Amino acid sequence: MILSRDTLNRKILARYAAARSRAENDLARRREMLLESSPELQTIEADLAWARGTWLAAKAAGHDPTEAEAGLDAIRESRDTWLRARGLNLDDDVPEYECSHCGDRGVIDLVAHTSATGYTLASGTCPHCWGNTAAPLIQAAGQLQYVRNCNFADFDVTLFSTAAQGRAMEALRQALELSADNFAVEGRDWLFHGLPGTGKTFMAGSLANALAERGLYALYMTATGFNEIFEEYRLMRRMFQPDPVRLEQAEEAYAGIHTADLLIIDDLGTESPYFQSRLADLSATLQSREQHGLRTIITTNLSVADLGRTYDERLVSRIMGRFEPVPFRGEDLRLVLRRKGRTDV
């Protein structure tokens, strides 16, 4: 199910909360077992709780807490000495988080992560764990199962029919990989156009998967799927008593289109003539994403000239004025792979 960026964000943070809860519950169980096995430690822990209460009461009453703090430190040292004498690890007294850097919170800077203008899913997040934790949820919400076999590591320059086209595609691959590493700065809007099977979806899908691995929200859909989402959204909004599940799905998908860090609209021009007549949705979406600094890739089998003959002049002008066009030439790479006996078609 496609999700809005906010909903996806909450689901990722909920996964972190569950991991943090597991670690803290494990610590509580370890401490309970240790206390049950040692009456002496129970006495020390009771003294520690009393000393902590005394210190807090002194601070709350405005009294000098120095004496209470010294007593608290002395009991802590007594407990640590007791643990060391029995060969117990002092780290047993802290939760064993999956990520020691963020304590299974996922976020280093919570304000930047949720409030800053233009934030992405990865803003202010822990660089040590966010990608691995967020990626599966992003892949599901972004429909990346449809491009799961697209990865920059599988790019093969020898498949292209001419050396010039191979060099052009290698330069594009490098540019896309660079943008994945610093998407906020290097991300661009792209128009991939050319004949079927020349690698347009592969390049777009490879960038989507690279972003998901880095914890950014990449959303993939066909041009037909894009239009179907808007049709469903309008239908649900018009109904007096819409099905609540369908309504939620429609609203989440609509919001996802407008909030994903990268939106891929694949195969523009293959949708039905009915959808081609409803261009306001696409034009408004591109304008909204541009205003919010979000990136879009459009792929099409149409030439630039055919786009002008097929779509409204204003839409084509917006695309050509904002997007960087990249022509994909050469023969169908699926046929090339089959000739080479490759099965990854």
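Structural notes, computed from the coordinates. (Residues numbered from 1 in each chain as written. Predicted model: local features only at pLDDT ≥ 70, side-chain atom pairs only at ≥ 80, totals over all residues. Heavy atoms only, no water.)

A look at the layout of surface pockets
As a volume, the second largest pocket reaches approximately 330 Å³. In terms of lining, the second largest pocket is formed by 17 residues, of which the most central are Met 1, Ile 2, Gln 143, Ile 229 and Ala 253. Elements represented by at least two residues in the lining of the second largest pocket include exactly strand E2 (218-222), helix H9 (223-238) and helix H10 (244-259). The class makeup of the residues in the lining of the second largest pocket is nine nonpolar, five polar and three charged. (1 Å grid on protein atoms, 1.4 Å probe; cavity = no way out; pocket = protein on both sides within 12 Å on 5 of 7 lines; lining within 4 Å. Points joined across faces, edges and corners; volume = space filled by probe spheres on them. Helix = DSSP H or I, 4+ residues; strand = E, 2+ residues; numbered from the N terminus. Nonpolar A, V, L, I, M, F, W, Y, C, P; charged D, E, K, R; others polar.)

Topic: the sheet that holds strand E4 (residues 295-300)
Strand order in the open sheet made by the five strands is E2-E3-E4-E1-E5, with parallel pairing throughout. What marks the edges here is a single partner per strand, and that holds for E2 and strand E5 (324-328). In this sheet, adjacent strand axes meet at a mean angle of 15° when their direction is disregarded. Looking at chain direction, strand E3 (residues 262-268) and E4 are connected through five bridges and run parallel. From the neighbouring strand, Ile 265 faces E4, where its bridge partner is Ile 298. Running at roughly 140° to E5, helix H6 (residues 163-181) makes contact with strand E1 (190-194) and E5 of the sheet. (Pairing = 2+ DSSP bridges. Axes fitted to C-alpha atoms, helices over the stretch in contact; angles between N-to-C directions. Contact = heavy atoms within 4.5 Å.)

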